[in-house]
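What follows is the residue order along each chain.
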Amino acid sequence: MANPTLELHNGTGALIGSNDNWQTTILGGIITSNQVSDIQNSGHVPTAASESAIIANLQPGNYTAIMRGVNNTTGVALVEAYDLN
């Protein structure tokens with residue numbers, strides 16, 4: 001998938017975080033501060049600047065990750081979730 005954007009939704013479907021290009025933090029929802037250094041220190045840095053990443057402290061529950069290609073293009077995407085604690 002070309003230049004993906006990542007969205008994270010809670011169990012009710014509300015958007016709680018998003019990212020496009022992991023080196024640029026998009027503030028809003030659960031993302032309240034710059035995440036670049038946290039992503040770099042996580043041990044799971046994306047391999048390309050155009051990839052997306054979010055670090056979040058989530059309560060137990062159901063969540064949905066949605067990947068979109070640039071200009072709503074389609075393709076194959078891999079979403080990975082890690083417990084960093």
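Right above here is the structure, for reference.
A short tour of the structure in this document, coming up. For clarity, every value in this text was computed on a predicted model and none was experimentally measured.

**Some thoughts on a nonpolar patch on the surface**
Together, Ile30, Leu58 and Tyr63 give the surface a local cluster of nonpolar side chains, amounting to about 220 Å² of exposed area. In this fold, Tyr63 is placed in the loop between helix H1 (36-41) and strand E3 (64-68).

**Considerations on the nonpolar core**
By size, the foremost hydrophobic cluster in this structure holds five residues: Leu6, Leu8, Ile16, Ile31 and Ile54. Not counting residues up to four positions away in its chain, the partners in contact with Ile54 are Leu6, Leu8, Gly17, Ser18, Asn19, Ile31 and Gln35.

**Side note on the sheet that holds E3**
Pairing is antiparallel in the open sheet, where three strands are placed in the order E2-E1-E3. Every interior strand has two partners, whereas the edge strands, strand E2 (15-20) and E3, have only one. Within the sheet, the average angular offset between the axes of one strand and its neighbour, ignoring direction, is 15 degrees. Bridge analysis of strand E1 (residues 5-9) against E2 gives five bridges, and the strand direction is antiparallel. Paired with Leu8 across the bridge in E2 is Gly17.

Parameters and conventions
- Residues numbered from 1 in each chain as written.
- Predicted model: local features only at pLDDT ≥ 70, side-chain atom pairs only at ≥ 80, totals over all residues.
- Heavy atoms only, no water.
- Patch = residues over 30% accessible without salt bridge, like charges linked within 9 Å, V, L, I, M, F, W, Y side chains within 5 Å.
- Areas by Shrake-Rupley, 256 points an atom, 1.4 Å probe, with all protein chains shown as cover.
- Salt bridge = Lys/Arg side-chain N within 4 Å of Asp/Glu carboxyl O.
- Helix = DSSP H or I, 4+ residues; strand = E, 2+ residues; numbered from the N terminus.
- Core = buried A, V, L, I, M, F, W, Y, C linked by side-chain atoms within 4.5 Å.
- Buried < 20%, exposed > 50% of the residue type's maximum accessible area, 1.4 Å probe, protein only.
- Contact = heavy atoms within 4.5 Å.
- Pairing = 2+ DSSP bridges.
- Axes fitted to C-alpha atoms, helices over the stretch in contact; angles between N-to-C directions.

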